[in-house]
Amino acid sequence: MKQSFKMIFSLCLIAVISAVILAKVYMITQPAIIANEKRATENAIYKVVSTATSYKESKSGQTDIFKCYDENNKFCGLAFVAEGVGYQDLIKVMVGVSTDFNKILAIEVIENSETPGLGNRIVTPWFENQFQNLSLQNKITVVKVAPSKDSEIQAITGATISSQAVVDIINNKIEELKEYK
Amino acid sequence: MQRTNILFSDFIKGLWQQNPTFRLLIGMCPTLAVTSQVQNGLAMGLATAFTLLASSIIISIFRNFIPKEVRIPSYIVIIATFVTIVSLFLKANFPEVSKALGPYVPLIIVNCLILGRQEAFASKNPVQRSIADALGMGIGFTLSLMVLASVREVLGMGTLLGHQVIFGNFRPWVIMLTPPGAFLTLGLLLGLINIIDKAVKARREKKQ
């Protein structure tokens, strides 16, 4: 009896002390963690809508939409996060589109764990810049040669699946947000 | 003098003789996963070393208070506390590193290097010796990860700590950055270290 009491008591004591310490550390670090996340999102928004100087958050279904305004406070574009499955894991892309939802302004891949050296070249400017000024009249398609239409993207050599995944993710999100425009 | 000697040998054994990665072969999961770049290897090594040191100190101090029957859950709770502190610290101060290491930071909790040292050393020895042991093992682990990561980063990307080190017409060996590259590098380094170790021992025997 005495033995089991000692076991319960010491384990509880250790757990309580740990909980108190962790609560304190959490309280100290939380503001910095939130600030970091916000800064990362903001950087991505200002990158995909390059004329933006401020933004307002709104929602469409489950998706956060960032309405962007330029220095004269004029509505200059929309940004949103599109995510989906890539070759290995989740890919997250920040997409900037024009105010009338007719073309993509720019994209930025913010999270991916594709194969180093192959799939993860979706973060290179060469791949991301292909999306600039891409028409949204039709679905974006992936081709293996130099694009001939304004809704085509050239796949990365050796990483067709990752390239296709990025395009699919963006297509799906845009389809989903169609009603929003 | 005697005591300093013991402390020194407690410390030094983690660097070579009982190096956790190359001699004891424990804690392999983070070793293989995060060593594609030196920066990540260093961060992982330091995070593990800090957790090891902090939990060794606490567990060594309370070694007579913690009942034998519940020692493993007690160690795990203590280790988990320090790992969570490290994880929050990285998220707040080094978001990039924290993102790159992903789930491997929380996995330090079950790294058998840490639990192993508590069970084998800190729970049986006084605080000073446990500190020496933890420092040696922690530094040994960090250095091993950096050696592995250097080989992989140089061959896989042509860079070291992000700086270009191979110039000219070099095509990076992408395989070095992928899991097979981790196994290849580890295997070759283990072989190399065995050869060195044998040579050193043969030499010592000759002297005697």
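Scroll up a little and you will see the structure.
Now for a quick tour of the structure.

Section: the sheet that holds strand 4 (residues 90-97) of chain A
Residue and element names in this part refer to chain A.
Alright, step 1. Taken in spatial order, the five strands line up as 1-2-3-4-5 in an open sheet, and their pairing is antiparallel. The outermost strands of the open sheet, each flanked by one partner alone, are strand 1 (54-60) and strand 5 (104-111). Averaged over all adjacent pairs, the angle separating strand axes in this sheet is 25 degrees, with direction ignored.
Alright, step 2. As paired elements, strand 1 and strand 2 (residues 63-69) share seven bridges and run antiparallel to each other. Within strand 2, the position partnered with Lys-56 by the bridge is Lys-67.

Quick look at the interface of chain A and chain B
Alright, step 1. Between chain A and chain B, the contact holds 22 residues from the first and 21 residues from the second.
Alright, step 2. Approximately 1,800 Å² of surface area, both sides summed, lies buried where chain A meets chain B, with 79% of it carried by carbon and sulfur atoms.
Alright, step 3. Interface area lost by chain A to chain B is led by Leu-11, Ile-14 and Leu-22 of chain A, which between them contribute 25%.
Alright, step 4. Where chain A touches chain B, the interface holds zero salt bridges.

Brief notes about the packing of helix 7 (residues 127-157) of chain B against helix 8 (residues 179-207) of chain B
All names here are of chain B.
Alright, step 1. At a closest axis distance of 10 Å, the pairing of helix 7 and helix 8 adopts a crossing angle of 120 degrees. The pairing of helix 7 with helix 8 is recorded here as oblique in orientation. By crossing handedness, the relation of helix 7 to helix 8 is classed as right-handed. Facing Val-147, Leu-148, Val-151 and Arg-152 of helix 7, the residues of helix 8 in contact are Gly-181, Ala-182, Thr-185, Leu-186 and Leu-189.
Alright, step 2. Across the contact of helix 7 with helix 8, the residue classes tally to six nonpolar, two polar and one charged.

Focus on the nonpolar core
The nonpolar side chains of soluble globular proteins are, as a tendency, buried together.
Alright, step 1. Core analysis: the biggest nonpolar cluster contains 33 residues, and Met-44, Ile-78, Leu-101 and Ile-108 of chain B have the highest contact counts within it.
Alright, step 2. Contributions of two or more residues to this core are made by helix 1 (2-48) of chain A together with helix 3 (38-61), helix 4 (71-93), helix 5 (95-101), helix 6 (112-122) and helix 7 of chain B.
Alright, step 3. Looking at this core, the element that brings in the most residues is helix 4 of chain B, giving ten residues.
Alright, step 4. In terms of nonpolar packing, the next biggest core, distinct from the first, is built from 30 residues, Leu-78, Val-109, Phe-127 and Leu-136 of chain A among them.

Parameters and conventions
Sequence positions are assigned chain by chain, starting from 1 and proceeding in written order. Here the convention is simple: chains get letters from A, ligands get numbers from 1, in the order in which they are written. Confidence filtering applies because this is a predicted model: local features only for residues at pLDDT of at least 70, side-chain atom pairs given and counted only at 80 or more, and all residues used for totals across whole chains, interfaces and linings. Heavy atoms throughout the structure, all of them, feed into the side-chain values; hydrogens and water do not. Note on pairing: two strands pair once DSSP finds at least 2 bridges between them. For the purposes of this entry, the term helix denotes a DSSP run of H or I that reaches at least four residues, the term strand denotes a run of E that reaches at least two, and both are numbered from the N terminus. Axes, fitted as lines to C-alpha atoms, cover a helix only where it is in contact. Angles between the N-to-C directions of the axes lie from 0 to 180 degrees. Any two residues whose heavy atoms approach within 4.5 Å are treated as being in contact. Each of two parts loses accessible area, computed with a 1.4 Å probe, when they are put together; buried area is these two losses added. Salt bridge criterion: a side-chain nitrogen from Lys or Arg within 4 Å of a carboxyl oxygen from Asp or Glu. Any angle that falls under 35 degrees is termed roughly parallel, while one over 145 is termed roughly antiparallel, one within 65 to 115 roughly perpendicular, and all others oblique. Each crossing gets its hand from how the near helix is turned against the far one by less than a right angle, where anticlockwise is left-handed and clockwise is right-handed. In the scheme used here, Gly and all other residues not listed as nonpolar or charged are polar, with Ala, Val, Leu, Ile, Met, Phe, Trp, Tyr, Cys and Pro taken as nonpolar and Asp, Glu, Lys and Arg as charged. The nonpolar core is taken to be a set of buried Ala, Val, Leu, Ile, Met, Phe, Trp, Tyr and Cys residues, with the residues joined through side-chain atoms within 4.5 Å. Each residue's exposure class comes from its accessible area (1.4 Å probe, protein chains only) as a fraction of the maximum for that residue type: buried when under 20%, exposed when over 50%, partly exposed otherwise.

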